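Okay, here's what each chain looks like letter by letter:
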Amino acid sequence: MTATTTAPHRPGGRVDFGRTVWVWRTGPLALRVDRRSVLVCAVLAAVTAVFGVLTLGSGSLPLTPAQVLSALFDPDADHRARLVVVNWRLPRLLFALVCGAALAISGAIFQSLTRNPLGSPDVIGFASGSYAGASVVMLLLGTADYLAVASGSLTGGAVTALLVYLLAYRGGLAPFRLIIVGIAVGAFLSSLTSMMLLSVSPQQAMLAATWGAGSLSGLGFAQLGPAAAVFAALLVCSGAVVRPLVHLEMGDDTAAALGVDAQRTRLLATVAGVALTALVTAAVGPIAFVALAAPQIAQRLTRSCTTLRIVPAALTGATLLVAADFVALRVDVPVGVVTVSVGGVYLAWLLARQYAGRRR
Amino acid sequence: MTALTTRPARTPVPARLEVIDASLGYARRTVCEHLDVTVPDGSFTVIIGPNACGKSTLLRALSRLLKPGTGRVVLDGRALDSYGTKEVARRLGLLPQTAQAPDGITVADLVARGRHPHQGLLRQWTEEDERAVADAMAATSVTDLSGRPVDELSGGQRQRVWVAMVLAQRTPLLLLDEPTTFLDIAHQIDLLELFADLHRTGHTLVAVLHDLNQAARYASHLIALREGRVVATGTPWEVVTADLVEEVFGLPCRVVPDPVTDTPMVVPLARPRSTR
């Protein structure tokens, strides 16, 4: 009857998680996944693939799904279709995948840190900060080079995060105070960006405003390379920080007792989350809603107790953004306009539900 | 007081965990100064004392949640802060007072989180993890609740689940901060009996307990604190005396042998406290 003797209730000492769990052990590897998560991920991947093929077929040269597939995988396919699909439209789709995934992971990290579904980077001002930082580089320094804009975007996001943390800090970080302060700081930064737009030439302002709506158009493999490399690096960092981060949801003392360095984990997670948002903002401008909704949708689909399941969250984000871009292509608006419209409704619903929850 | 003479004389045991000349406290308030505390190897050490005497502060220092301002804490002969965070968590488990279960988490998932110090990105769920979790749930009788959400459980069940999480950590040392608070008397005794079992099988335990009689019954080593100072340490019969209880708690009482276990039992006097 103690922890050191082996007297399990069930034969073989199996642990019943109340759901089907797949365990895979070989050599130094010992992995455990929920069957449900795997199935959800497979379905999300399939949905993304369908929207992806539809997106690749949309445009001034409409192509059927069969034509798209042959253009993608058959080197002997029609040269013109190959040029359009692979060289022109594919980078845009890959950008949607990467940005959707990056936003979702960033959202998952901040929602876990604040233990609140409202605590996503686009609500708590970090995305506005990235946008303001990128705008400074684009308008005042007059460069649109990806790495320059990304640095500006990262700096803007990091400074905003620091500012929000400092303003919200009062002997500790209460999640709700952080969110309120973040919304205020975000509003302030948006005004600042508008002010910048008004002070430059109309041509420059137009360019920045289109980008500021969040658009995937005009992106090629030249921009995809650095963005994808940065994303891959951040994916590894996030994967490493998520394991300790999830324990912080039980309170700092419990997490520390399990061997988690709370301050270090929180810092690393914040840096990774801000960097993921900055990466997207620098490439395609601010895109609302994905970071806010994707982790929540993924959590409900997988029936997980945390938003920090980054693989389902990332796939959900990718699916959402690819689907939104498909809609954007059809009605000919920037993808940010689509996500912000859907996101506005969702945010209103979320606020109403939280308010009701607080009054209860 | 015959029990005192029938007890075998204790030989000194090496320390497992030690606080050496430490001052402990928070930003604006020092709770303890020049504190020396020793947790003997293989003991069931219980810290007693009135409210705000520094019991929890001491436990926080022992479990490196609180860094001493001066002085040091030594675990198995080495300074506590020289260990890596996960390394400490493999030697020393802690049941904190303020643990929040994430919404909707199931019992098995929560208990499995106790394995974190043994796991890594590629070592997520070894045979040993599975055995430790199954054993911890069996020991605390929560195996049948395995797939249930923790928020649906009663207070007593929930506390057993938290204990299971700490047991799954498989540490030779266990620190328990008021583990029986909010439980009814039957659940309190259940849990204390479980700790006594762990003590018998070689674990070293340190607990903060409020109930003096329970402390005297289960502890092998008592530490009495008052206003941040150690007033007495030793076996229950050495520490729990009428004079000491009056000195530490300001409670006039008599101490008689417990009719069941022959450990000291505090019986408060009918007249309420004197003016001290």
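Here is what the cut-offs are and how they apply
Residues numbered from 1 in each chain as written. Chains lettered and ligands numbered in written order. Predicted model: local features only at pLDDT ≥ 70, side-chain atom pairs only at ≥ 80, totals over all residues. Heavy atoms only, no water. 1 Å grid on protein atoms, 1.4 Å probe; cavity = no way out; pocket = protein on both sides within 12 Å on 5 of 7 lines; lining within 4 Å. Points joined across faces, edges and corners; volume = space filled by probe spheres on them. Helix = DSSP H or I, 4+ residues; strand = E, 2+ residues; numbered from the N terminus. Nonpolar A, V, L, I, M, F, W, Y, C, P; charged D, E, K, R; others polar. Contact = heavy atoms within 4.5 Å. Buried area = accessible area lost by both parts, 1.4 Å probe. Salt bridge = Lys/Arg side-chain N within 4 Å of Asp/Glu carboxyl O. Phe/Tyr/Trp six-rings, centres within 6.5 Å; stacked < 30°, edge-to-face > 60°. Buried < 20%, exposed > 50% of the residue type's maximum accessible area, 1.4 Å probe, protein only. UniProt positions renumbered as here; feature names shortened; annotations may be inferred. pLDDT = per-residue confidence, 0-100. Disulfide = S-S within 2.5 Å. Core = buried A, V, L, I, M, F, W, Y, C linked by side-chain atoms within 4.5 Å.

Looking at the layout of surface pockets
Move 1: Of the volumes computed, that of the second largest pocket is approximately 1300 Å³.
Move 2: Lining of the second largest pocket is provided by 44 residues; of these, Arg32, Arg243, Leu308 and Arg309 of chain A together with Gln124 of chain B occupy positions nearest its centre.
Move 3: Taken together, the elements giving at least two residues each to the lining of the second largest pocket come down to strand E2 (29-34), helix H1 (35-57), helix H3 (79-114), helix H8 (221-248) and helix H12 (310-331) of chain A together with helix H4 (107-112) of chain B.
Move 4: It is H8 of chain A that contributes the most residues to the lining of the second largest pocket, seven residues altogether.
Move 5: Of the residues belonging to the lining of the second largest pocket, the class tally is 25 nonpolar, 11 polar and eight charged.

Details of the interface of chain B and chain A
Move 1: Tallying the contact residues gives 56 residues for chain B and 42 residues for chain A.
Move 2: It is Arg113, His116 and Trp125 of chain B that lose the most area in chain B upon contact with chain A, and together they represent 17% of the buried surface on that side.
Move 3: On the surface where chain B and chain A come into contact, there are six salt bridges.
Move 4: A salt bridge links Arg19 of chain A to Asp109 of chain B, with the shortest nitrogen-to-oxygen separation between them at 2.8 Å.

What about the packing of aromatic side chains?
Residue and element names in this part refer to chain A.
Move 1: According to the stated counting rule, one finds six aromatic pairs over all chains in the structure shown.
Move 2: Plain terms: the ring middles of Phe289 and Tyr346 are 5.9 Å apart, the flat faces sit at 70 degrees to each other, and that makes the pair edge-to-face. Highlighted residues: Phe289 in the loop between helix H10 (262-284) and helix H11 (290-302) and Tyr346 in helix H13 (residues 335-359), separated in sequence by 57 residues. Here Phe289 matches Tyr346 in class, with each residue buried.

Thoughts on unusual backbone geometry
Move 1: For Arg115 of chain A, which is not glycine, the phi dihedral falls at a positive 50 degrees.
Move 2: Overall, the relative accessible area of 40% leaves Arg115 of chain A in the partly exposed class.
Move 3: Its identity as a non-glycine residue notwithstanding, Ser141 of chain B has a phi of 55 degrees, on the positive side.
Move 4: Tracing the backbone through its elements, the reader meets Ser141 of chain B in the loop between helix H5 (127-139) and helix H6 (155-168).
Move 5: The exposure class assigned to Ser141 of chain B is partly exposed, which follows from its relative accessible area of 44%.

Considering the pattern of salt bridges
Move 1: For the structure shown, the criterion picks out 20 salt bridges over all chains.
Move 2: The closest approach of N and O atoms between Asp135 of chain B and Arg170 of chain B, which form a salt bridge, is 2.9 Å. Here Arg170 of chain B lies in the loop between H6 and strand E7 (173-177) and Asp135 of chain B lies in helix H5, a separation of 35 residues in the sequence.
Move 3: Among the residues examined, Asp135 of chain B registers a relative accessible area of 2% and is labelled buried.
Move 4: What makes Arg170 of chain B partly exposed here is its relative accessible area of 26%.
Move 5: Residue Asp258 of chain B pairs with Arg217 of chain B through a salt bridge whose shortest N-O separation is 3.1 Å. Of this pair, Asp258 of chain B sits in the loop between strand E11 (253-257) and strand E12 (264-268) while Arg217 of chain B sits in helix H8 (residues 212-218), and the two are 41 residues apart along the sequence.
Move 6: When salt bridges with common partners are traced through the structure, they connect Arg14 and Arg25 of chain A together with Glu127 and Glu130 of chain B into a single cluster.

What to know about the UniProt feature "domain: ABC transporter" (unreviewed entry) in chain B
Move 1: Summarizing the sequence annotation, UniProt attributes the feature "domain: ABC transporter" (unreviewed entry) to residues 17-252 of chain B in the numbering used throughout.
Move 2: With 35% helix and 26% strand, residues 17-252 of chain B has its two end C-alpha atoms placed 33 Å apart.

Focus: the UniProt feature "transmembrane region" (unreviewed entry) in chain A
Residue and element names in this part refer to chain A.
Move 1: Per the UniProt record, the feature "transmembrane region" (unreviewed entry) sits at residues 38-57, 93-111, 123-141, 147-169, 176-198, 229-247, 267-294 and 333-352.
Move 2: With 79% helix and 0% strand, residues 123-141 has end C-alpha atoms that lie 28 Å from one another.
Move 3: Counting secondary structure, residues 229-247 comes out at 100% helix and 0% strand; the distance between its end C-alpha atoms is 29 Å.

Side note on the confidence of the model for chain B
Low-confidence regions, as indicated by low pLDDT, have predicted coordinates that should not be scrutinised in detail.
Residues and elements named next belong to chain B.
Move 1: On average, chain B scores 90 in pLDDT, and the residues at 70 or more come to 93%.
Move 2: Taken as a whole, residues 1-9 scores under 50 in pLDDT and shows five contacts with residues more than four places along the chain or in a different chain.
Move 3: Our summary of model confidence lists the complex with pTM equal to 0.89 and ipTM equal to 0.88.

Observations concerning the state of the cysteines
Move 1: Under the counting rule described, the total for this entry stands at zero disulfides over all chains.
Move 2: Unpaired in terms of disulfides, Cys99 of chain A finds its nearest cysteine sulfur in Cys237 of chain A, a separation of 18 Å.
Move 3: This cysteine, Cys53 of chain B, is not joined by any disulfide, and Cys32 of chain B carries the nearest cysteine sulfur, 8.0 Å off.
Move 4: Take Cys53 of chain B: its relative accessible area is 1%, and that puts it in the buried class.

Quick look at the nonpolar core
Move 1: Counting 92 residues, the largest nonpolar core has Phe95, Ile109, Phe231, Leu279 and Val284 of chain A as its most contacted members.
Move 2: For this core, the leading source of residues is H3 of chain A, giving 18 residues.
Move 3: For Ile109 of chain A, the contacting residues outside a window of four places in its chain are Ser238, Leu245, Ala269, Ala272, Gly273 and Leu308 of chain A.
Move 4: If you look at the next biggest cluster of nonpolar residues, it comprises 63 residues, including Cys305 of chain A together with Ala196, Leu205 and Tyr218 of chain B.

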